[in-house]
Amino acid sequence: MPRRHIFTAVAWPYANGPRHIGHIAGFGVPSDVFARYQRMAGERVLMVSGTDEHGTPIQVQADSEGITAAELADRYNRVIVRDLHDLGMSYDLFTRTTTRNHYAIVQEMFTALWDNGYIVERPQRSAISPSTGRTLPDRYLEGTCPICGYDGARGDQCDHCGNQLDPQDLIDPRSKINGERPTFVESSQMFLELPAFAEVLGSWLQSQTDWRPNVVNFSRRLLDDLKPRAITRDLDWGVPVPLPGWRDRPDKRIYVWFDAVIGYLSASVEWARRTGDPDAWRPWWTEGADARYFMGKDNVVFHTIIWPAILLGASGRPAGTPGAMGVLRLPSEVVSSEFLTMEGRKFSSSRAVVIYVRDVLDRYGADPLRYYLAVAGPETSDTDFTWEQFVTRNNGELVAGWGNLVHRSLSLVAKHLGAVPAAGELTEADHDILSQGSRAFASVGQALGRSQLRAGVTEAMRVVAAANKYLSDQEPWKRVGSEPDRFATIMHCALQLVADCNRLLAPVLPATADKVAAMLGGHGPFAGQPRVDEVEDLDGGRPYPVITGDYDGVAAWRSEPVVPGTPVAPPTPLFSKLDASVVDEELARLASS
RNA sequence: GCCGGCGUAGCUCAGUGGUCAGAGCAGGGGACUCAUAAUCCCUGGGUCGCGGGUUCGAUCCCCGCCGCCGGUACCA
């Protein structure tokens, strides 16, 4: 079977701070498990992302710290790169939106849309901060609600009475940033003509029968009321507008969301250029490829409406001619996760309801976190994270389930045999357990290929449990001296199951998988691990770190026979049992931070 | 307000128009000792939110209600 091209597009984390585990649960673990599975299954995967660094929030935060937006973005780009690398995210390229390559591609796409008539200039009335001259987004506006009189109404909506508001109607409007009264100024902005794509988007969405229902339903409703959307702002931090009279203006920039989604394309191009073949990205952007996009549900509108509209318009659809990037394929699936809540509350950095990825990695390691988020993450509905469940899953499933299977099997072999034994005659029980291992590749693979992590991991862990039961039933430790042949056969089967389960779990537990593979006597790459490279900007900009990796030669998604005679050393524990006091410690951290 | 989702054993969740509604964990009992007191077996426990309706029959379909949550795109 020919290898398919599978584009794995991972939502771009915003570089205004460290990421918390809710972010990772939404875009991180699901995308990486999917990509790793597809690579093991033999497909050609291109997985890209980067930090999203433009926009008002970064500008505002930089101002408050007395540094430039670029300096702030540099800082958090580095923090996020380190977090995602340590989490084991196997990007082919994790870059950023402040590269010259990205600027160029964004401008190409803008130009293509402009040439096809899908971008038009219109006056727009918007709130401007008098002290900076910058657009003040609705989220930074507050005032008294003209409908109910509530004083904390946001610019676009009153949290008290729930009515949608026009910012200009706010009584006594003020900036949340510095309290000043905004001025409402009419200025020219560029608008993306979303209504022109309504019909094409409608039939495209209609044809998606196997997406998660929440994504399709939500998107179809949006189509009913599409309006042109401003894609520029009065701001000096962002990609310049590539038009005469606009290009050199210091106060007009492309809106952050327009440029951020184009990152999927620019990162693909950057990856290709770095491989030495500037066109190498194209096979992942043609109709024959599979293009999966992973994100939290707050990003759905950008991936099912705005990004497809950009792709369509720049490709000359529904009318026009393809731009410089050619005809670009639409997402084949938009995979959205719901939200993770934290001990019953919504994540909120400002209210210290937050668990940072870095802290979990440092204290408990990447794989336990990946495992938890894969098996108990917000796959189909909002899901609560509790430390108690984290500890319970870690101890009961990783330590006592999978870790124990590996440890007891390898201990017995190392102690009494020193190498993988050959199997003698197989009993029915032997055949049965071996068959459970080999058959699981189909069922677990099907689940992971459809981004059903919970089902896939649960199925793999069922095999782990069956193997533990097999050992308990066969009681090999009673046959060491009395029935050496039977002992060898049982242990051969046990090691085969360890090897099989290790592959089944490798997409979720890549670091652990490498350890187990090594303990079974393997050499060379097994799961494949990312690395951080410091690179030069390809077009003369500043250097920056990227996450990349060579994932060729990862273990195959099938049962491979263990080889008799391979030396087996005594194992070291794979996971650490967590004391119940961890729960109290972490809760205390939350409460006091 | 509008749109959507959820409400199933103590906890976290799965599930189907029809034999006794399931899993894991927690609880109770037992076996074993290779293994990080890990593993394995047995077991108690549920008006499937409430009230109607459709149907021979609904936890799963429809309506209403209560509760919880999310979205409401110029917040990423």
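Whatever comes next refers back to the structure up there.
The following paragraphs examine the structure supplied in this document. (Residues numbered from 1 in each chain as written. Chains lettered and ligands numbered in written order. Predicted model: local features only at pLDDT ≥ 70, side-chain atom pairs only at ≥ 80, totals over all residues. Heavy atoms only, no water.)

1. A closer look at the protein's contact with RNA strand B
- Not every one of the 46 residues close to RNA strand B is listed here, only the nearest: Asp-52, Asp-138, Arg-139, Asp-225 and Lys-577.
- In the interface set of RNA strand B, defined as its atoms within 4 Å of the protein, sugar plus phosphate atoms amount to 71%.
- In the model, a sugar or linking oxygen of RNA strand B is placed 2.9 Å from a nitrogen or oxygen of the His-407 side chain.
- A distance of 2.7 Å separates a sugar or linking oxygen of RNA strand B from a polar side-chain atom of Ser-472.
- Those elements that place two or more of their residues in the surface near RNA strand B are helix H6 (213-223), helix H7 (256-275), helix H11 (387-416) and helix H13 (453-474). (Near = heavy atom within 4 Å. Polar contact = N/O pair within 3.5 Å; in protein donor to acceptor, adjacent residues only side chain to side chain. Helix = DSSP H or I, 4+ residues; strand = E, 2+ residues; numbered from the N terminus.)

2. Description of the pairing of strand S2 (residues 44-51)
- Burial analysis of S2 places 7 of its 8 residues in the buried class, which makes it a mostly covered element.
- As judged from the 5 bridges shared by strand S1 (residues 5-10) and S2, these two strands associate in the parallel manner. Along S2, the bridge assignment pairs Thr-8 with Met-47.
- For the segment spanning S1, helix H1 (residues 21-40) and S2, crossover handedness is right-handed.
- Taken together, the 4 bridges between S2 and strand S3 (residues 93-96) define a ladder with parallel strand orientation. Bridge pairing in S3 places Thr-51 opposite Arg-96. (Buried < 20%, exposed > 50% of the residue type's maximum accessible area, 1.4 Å probe, protein only. Pairing = 2+ DSSP bridges. Right-handed = clockwise from strand over helix to strand, strands pointing away.)

3. Thoughts on helix H15 (residues 510-519)
- Those residues of H15 lying buried are Pro-510, Thr-512, Ala-513, Val-516, Ala-517 and Met-519.
- Packed against the buried residues of H15 are H1, helix H10 (366-376), H11 and helix H14 (484-505). (Contact = heavy atoms within 4.5 Å.)

4. Describing the side chain of Ser-187
- Turning to its location among the elements, Ser-187 is positioned in strand S8 (residues 183-192).
- Of note is the side chain of Ser-187, whose polar atom sits 3.2 Å from the side chain of Asp-234.
- Within the structure, Ser-187 has its side chain in polar contact with the side chain of Lys-252 (distance 3.1 Å).
- Sequence-distant contacts of Ser-187, that is, excluding residues within four places in its chain, are made with Arg-122, Pro-123, Gln-124, Asp-234 and Lys-252.

5. As for the side chain of His-20
- Along the chain, His-20 falls in the loop between S1 and H1.
- Every residue in contact with His-20, bar those within four places of it in the chain, is listed here: Phe-347, Ser-349, Val-354, Ile-355, Tyr-356 and Val-357.

6. Points about the packing of H13 against H14
- Where H13 contacts H14, the axes come no closer than 10 Å and their chain directions differ by 170°. Here H13 lies roughly antiparallel to H14, going by the angle between them. When the axes of H13 and H14 are compared, the crossing they make is left-handed. Counting all contacts with H13, which are made through Ala-460, Met-461, Val-463, Val-464, Ala-467, Tyr-470, Leu-471 and Gln-474, the residues of H14 involved are Arg-486, Ile-490, Met-491, Cys-493, Ala-494, Leu-497, Cys-501, Leu-504 and Leu-505. (Axes fitted to C-alpha atoms, helices over the stretch in contact; angles between N-to-C directions. Parallel < 35°, antiparallel > 145°, perpendicular 65-115°, else oblique. Left-handed = near helix turned anticlockwise from the far one by under 90°.)

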